[in-house]
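Chain and residue survey
Single-letter residue listing:
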Amino acid sequence: MIRVAFHDGWSVGPQLAAFESREGVAPPVAVRLPHDALRDLPRSADNDGGVHSGYIPGGVFVYTRSFEVPVDWAHRSVMIEFEGVYRDAVVTINGDFAAHQADGYAAFTVVADPFLRFGETNTISVEARAHRDSRWYTGAGIYRPVHLIVAHPVHLALDGTTVTTPDIDDERAVVEIATRVENLTRHTRTLRLRWVIAGPDGDVVAETHAPVTVLPGADAVARARLVVDRPALWGPHDPALHDVRVSLADEGDGGGADPVVDEDSVRFGIRRLQLDPRHGLRINGVGVDLRGACVHHDNGALGAITHPDAEDRRVRLLKDAGFNAVRSAHNPASRALLDACDRHGMLVMDELSDVWTRAKTGFDASIGFDTRWPAAVAALVAKDRNRPSVILYSIGNEILELATPHGATWSRRIAEEFRRLDPTRFVTNGINGVIANMERLPEILGDIAATDPNTMMAGLGAQMAAANASELITRSTEESAAVLDVVGFNYGDARYDLDAELFPGRIIVGSETFPDRIADLWQQVRRLPHVIGDFTWTGWDYVGEAGIGRVEYTDVEGYRSTGTAGPFPYLLAQCGDIDLTGRRTPASFYREIAFGLRTEPAIAVHRPEHHGRPVEKTPWSWDDAVSSWSWAADVGAPVTVDVYADAEEVELRVVDADGDHLLGIRPVGDPRPLIARFETAFRPGRLVAIARRAGVEVARTALATAGELALIARAEESRVDADGGLAHVVIELADRDGVVGVDRDLEVAVSVTGAGELAALGSSRARTTESFAGPSRLTHDGRALAVVRATGSGEITVTVAASGYVPAVARVVAGAATAR
């Protein structure tokens, strides 16, 4: 089936019940989909979302659009497909109920034919609601794309083609294709299906065709088995993609060209997966350790919306930072994210849900899960089954009932349903034995077990490891773990060696881990073949779970610890290797060194203005440090400098107009592995770190003090799709060499003229009352990010102004879309 974008002409406003007063209620506003109805609502310390949503409130909203329905559509099949509406969507067409979808992440299709008025203007409305139903920021509304499908009554089923590659060697690959055809007419129809496989370069590598007869009101599956010679394989380093073009033609009564009644295209990859405790994970016969990042689904300043340009950028930057896998925490990933992962060779653990039948928040998805789960699994598999990037289905995250017999029954039930629908991928689950046994842990943990789960984990330390390795957790989680192909452990690395003895056939992945432990954790991944990877919390900073990774200075008058919950006005988690603007943090460079991907050292400077102050951190925090030697500090001011290096020792020097000065030589390994820490004095110039092993230089790196600063605006894309494409414009206060003045933040104002509009304006500042809507914002560490959306063809001019600086200008051309 051919999907047509159905994104323009919508309006959204508050949804009021029949007996609610409309006095003082804002009228609907015009929007382009996808859209997040929550992002720009006023935040407060006392709204229902609280720390989970970043203090952004919930609400009930209604989206409305009118559209013309030609008379000839009466002889067609008309459907409207929603990739995701958060949440509890109710769809009406011309005022009549058409569909309800409680799941906020599952795609669903509305068959519109019974409700349409042909030859007239029709109206579709979609209600959506969000209210204390998640532990992170979800957004609300039609936040993923919508498609209009107008099909022949006999047509290819939506997502009806499945491609598998069960037999691969160097000489050839066998490609098996199954296509489902639907017949909505009252007559038996015989048609011809044609399959054409194109290789990565677009050339045809195999093709075939076959007749298919479909009875009235029924469907039929036609299959083809093709051979591709000397196939280009899909893998993390070379993600070669193939396309199968499917066409359905009417056989007619005689010869001649067959009229095509429907067509579709499915992208897939030819690749072989293997898994065992001796060799771990292998792709195309090559061992792969998963360098993983957990990611939430929001797109930062854009809110919760899914946009292919934003998803592609995120995957590219994560890959550049050394990750080769992502975990969609804790809900099914968007199609756009998976498209990007397919293109860039990013492996995926796609996750079903954060809850099953026991709730974690007052109105979450546990309500109705017992009846809704098969449809949720089916929607996830239909989205994923042709994607080479998806290698793991995760059936849940820190499920509360998992350690009970009934919880184990649910584990088995859900895992088997995934296998029934798609036996070609592996099944996992993010098990947290501590969380699953909260009611039974006081005997192990004492008083700390009475706190909230995140604070409990933050306070456990060595007790956490001891609890996870306890006989209680071993025994209570054994059955739920046994139903899995890969056992995911959240913060459960104490089990890695233990389980090799207790369960010799068990394969493990660190499905969620603390960021500052990656050096030790990665050594275990490399040492233990049955441990196939590590997924850090998190790869990219996000909205909600506000302040979970913050660093607080405790000598402030009136300071009171709030555990892992960041007090208002915290908005961001402040927990990510990459910050909200797409800039790599020091944690990212540390991880790259721990992965063995970087020989060059990395320098992280603790903010001089806070030197010596006492701090409170959480296990998800990194040090309050920045990769910069450009500070508005007095010469001679004390400063702490960390150098990350895979070496035995590091020499630190500063070069200035007066010469080359030795600041010290320190061993690597204190305060953590791969770190050499220096207590020194700030001196402008060029800070140089030299890493050595056995007295021999391994590598060096340097940071420079910024010269005269100017306002800079740099568009990452020179050209975008005129139909709503995004340009990411980086705003920095930097010198002519690009060195940023990190502690000279200022308010910037952004204006857009030409064929575009400002879609979002954000920074990495976690504690803020500012709106992502712009048009002004305070930079953070000298940087902000403007996201501009094209509104048509032509030039887009982005102007950034700030008091005391010459305005900066970036230009982007919006034109015809180019193939990815």
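Residues numbered from 1 in each chain as written. Predicted model: local features only at pLDDT ≥ 70, side-chain atom pairs only at ≥ 80, totals over all residues. Heavy atoms only, no water.

**With respect to helix α11 (residues 518-527)**
Threshold: Only protein chains enter the accessibility calculation, which uses a 1.4 Å probe. A residue is then buried if its area is under 20% of the maximum for its type, exposed if over 50%, and partly exposed in between. To qualify as a helix, a DSSP run of H or I must reach at least 4 residues; to qualify as a strand, a run of E must reach at least 2; elements of each kind are numbered from the N terminus. The contact criterion used throughout is that any non-hydrogen atoms of two residues lie within 4.5 Å.
I518, A519, L521, W522, Q524 and V525 are the residues of α11 that are buried. Packing partners of the buried residues in α11 comprise β21 (290-295), α10 (496-502), β27 (508-513), β28 (531-536) and α12 (586-594).

**Things to note about the pattern of salt bridges**
So the rule is basically this: Any carboxyl oxygen of Asp or Glu that lies within 4 Å of a side-chain nitrogen of Lys or Arg is treated as forming a salt bridge with it.
For the coordinates displayed, the defined rule picks out 70 salt bridges. Residue E439 pairs with R358 through a salt bridge whose shortest N-O separation is 3.1 Å. Remark: R358 occurs in the loop between β23 (347-351) and α3 (369-384) and E439 occurs in the loop between α5 (433-436) and α6 (442-445); sequence separation between them is 81 residues. For R358, a relative accessible area of 33% gives the class partly exposed. A salt bridge links K383 to D384, with the shortest nitrogen-to-oxygen separation between them at 2.7 Å. Here K383 matches D384 in class, with each residue buried. The structure contains a network of salt bridges with shared partners spanning R3, E81, E83, D159 and R335.

**Digging into the nonpolar core**
To be explicit about the condition: To qualify as a nonpolar core, a set must consist of buried Ala, Val, Leu, Ile, Met, Phe, Trp, Tyr and Cys residues joined through side-chain atoms within 4.5 Å.
Judged by nonpolar contacts, the single largest core of 64 residues is most densely connected at L318, L352, I414, F418, Y590 and Y644. Excluding residues within four positions of it along the chain, Y590 makes contact with I518, A519, W622, Y644, R672, P673, L674 and I675. With 60 residues, the next largest nonpolar core counts V31, I80, A304 and L572 among its residues.

**Some details on helix α9 (residues 471-482)**
Our working definition: The length a helix should cover is 1.5 Å for every residue beyond the first.
Across its 12 residues, α9 extends 16 Å between first and last C-alpha, which sits within 8% of the 16 Å expected from 1.5 Å per residue. Listed as buried for α9 are L472, I473, T474, S476, T477, S480 and A481.

**Considering the pairing of strand β34 (residues 649-656)**
The condition that has to hold: Strands qualify as paired when DSSP identifies two bridges or more between them.
The sheet contact formed by β34 and strand β37 (residues 686-693) spans 7 bridges and is antiparallel. Across the sheet, the residue bridging to L652 is A689, located in β37. Bridge count between β34 and strand β35 (residues 659-667): 8 bridges; the pairing is antiparallel. The residue of β35 that forms the bridge with V655 is D660. Counted between consecutive antiparallel strands, the loop separating β34 from β35 contains 2 residues.

**Quick look at the packing of α11 against α12**
Note the following rule: To obtain each axis, a line is fitted to C-alpha atoms, and for helices this fit is confined to the stretch in contact; angles are then taken between N-to-C directions over 0 to 180 degrees. Angles below 35 degrees are treated as roughly parallel, those above 145 as roughly antiparallel, those between 65 and 115 as roughly perpendicular, and all remaining angles as oblique. Crossings are assigned a handedness: left-handed for a near helix turned anticlockwise from the far helix by less than a right angle, right-handed for a clockwise turn. In the scheme used here, Gly and all other residues not listed as nonpolar or charged are polar, with Ala, Val, Leu, Ile, Met, Phe, Trp, Tyr, Cys and Pro taken as nonpolar and Asp, Glu, Lys and Arg as charged.
Taken N-terminus to C-terminus, the directions of α11 and α12 make an angle of 25°; their axes are 9 Å apart at the nearest point. Of the possible angle classes, the one that applies to α11 and α12 is roughly parallel. The handedness of the crossing between α11 and α12 comes out as right-handed. Counted together, I518, A519 and W522 of α11 and Y590, R591 and A594 of α12 form the full contact between these two elements. Grouping the amino acids of the contact of α11 with α12 by side-chain chemistry returns 5 nonpolar, no polar and 1 charged.

**What about the sheet that holds β34?**
In a beta sheet, neighbouring strands pair by backbone hydrogen bonds and run either parallel or antiparallel. Pairing is antiparallel across the open sheet formed by 4 strands, whose spatial order is β35-β34-β37-β38. In this open sheet, the two edge strands, each paired with only one partner strand, are β35 and β38 (696-704). Pairs of neighbouring strands in the sheet enclose a mean axial angle of 20°, with direction left out of account.

**With respect to unusual backbone geometry**
Cis peptide bonds are those with omega within 30 degrees of zero, and the linkage from W537 to T538 qualifies with -5°. Take T538: it is sitting in the loop between β28 and β29 (551-553). Going from G774 to P775, the amide bond is cis rather than trans, its omega being 10°. Looking at the secondary structure, you find P775 in the loop between β43 (756-762) and β44 (776-778). You will see that Y55, though not glycine, has its phi angle at about 65°, which is positive. Structurally, Y55 is set in the loop between β3 (29-31) and β4 (59-69). Take Y55: its relative accessible area is 8%, and that puts it in the buried class. A positive phi angle, near 55°, is found at A694, a position not held by glycine. Mapped onto the fold, A694 is located in the loop between β37 and β38.

**Overview of the packing of aromatic side chains**
Our working rule: Only centres within 6.5 Å qualify two rings of Phe, Tyr or Trp (six-membered ring in Trp) as a pair; their planes then separate them into stacked at under 30 degrees, edge-to-face at over 60, and tilted for everything else. The criterion for a charge sitting over a ring is simple: Lys NZ or Arg CZ within 6 Å of the ring centre, and within 35 degrees of the ring normal.
Considering all chains together, one arrives at 19 aromatic pairs under this definition. With a centroid separation of 6.3 Å and an interplanar angle of 90°, the aromatic rings of W622 and Y644 are classed as edge-to-face. You can see W622 sitting in the loop between β31 (615-617) and β32 (625-626) and its partner Y644 sitting in strand β33 (residues 638-644), a full 22 residues away along the chain. No difference in accessibility class separates W622 from Y644, as the two residues are buried. Following the ring pairs from residue to residue traces out a cluster consisting of F6, W10 and F67. Of note, R506 hangs over the ring of F503, and the distance from its end group to the ring centre comes to 3.9 Å. A cation sits over an aromatic face here: R672 above Y590, 6.0 Å from the ring centre.

**Here's the deal with the environment of L338**
Looking at where L338 falls in the secondary structure, it is placed in helix α2 (residues 335-344). As for L338 and A681, which are separated by 343 residues in sequence, their C-alpha atoms are 47 Å apart. Ignoring sequence-local partners within four residues, the contact set of L338 consists of A333, V348, D350, K383, D384, R387, S389 and V390.

**Focus on the sheet that holds β43**
Strands sit in the order β39-β41-β45-β43 across an open sheet of 4 strands; the sheet is antiparallel. Looking at strand neighbours, the two that pair on one side only are β39 (710-715) and β43, the edges of this open sheet. Going from strand to strand, the sheet's axes swing by 25° on average, the running direction of each strand aside. Where strand β41 (residues 726-734) meets strand β45 (residues 783-790), 7 bridges bridge the pair, whose relative direction is antiparallel. Its bridge partner being in β45, H728 is matched across the sheet by V787. Taken strand by strand, helix α1 (residues 308-320) contacts β41 and β45, and its axis lies near 55° from that of β41.

**Focus on the state of the cysteines**
In protein structure, a disulfide is the covalent linkage between the sulfur atoms of two cysteines. Formally: Cysteine sulfur atoms are paired as a disulfide whenever they fall within 2.5 Å.
By the definition in use, this model includes 0 disulfides. Its sulfur unpaired, C294 is 9.6 Å from the next cysteine sulfur, which belongs to C575.

**Re the environment of Q101**
Threshold: The term polar contact refers here to a pair of N or O atoms within 3.5 Å; inside protein, the definition further demands a hydrogen-donor-capable atom paired with an acceptor-capable atom, and it admits residues adjacent in sequence only when both atoms are side-chain atoms.
Note that Q101 resides in strand β7 (residues 96-101). A relative accessible area of 14% means that Q101 is categorised as buried. Expressed as a C-alpha distance, the spacing of Q101 and R550, which sit 449 residues apart in the sequence, is 36 Å. Apart from residues lying up to four places away in sequence, Q101 is in contact with D88, A89, A106, A107, F108 and R372. Engagement of the side chain of Q101 in a polar contact is seen with the backbone nitrogen of D103, the distance being 3.0 Å.

**Concerning the environment of R314**
Within the fold, R314 resides in helix α1. Separated by 50 residues in sequence, R314 and D364 have C-alpha atoms that sit 28 Å apart. Setting aside residues no more than four positions away along its own chain, R314 makes contact with V295, H296, H297, D298, N299 and W540. Polar side-chain contacts of R314 include one of 3.2 Å to the backbone oxygen of D298.

**Comments concerning the side chain of D36**
With respect to the element layout, D36 can be found in the loop between β3 and β4. One polar contact links D36 to Y137, side chain to side chain, over a distance of 2.5 Å. Here A140 takes part through its backbone nitrogen, which lies 3.2 Å from a polar atom of the side chain of D36. The contact partners of D36, leaving out residues within four places of it in the chain, are Y63, Y137, G139, A140, G303, A304 and I305.

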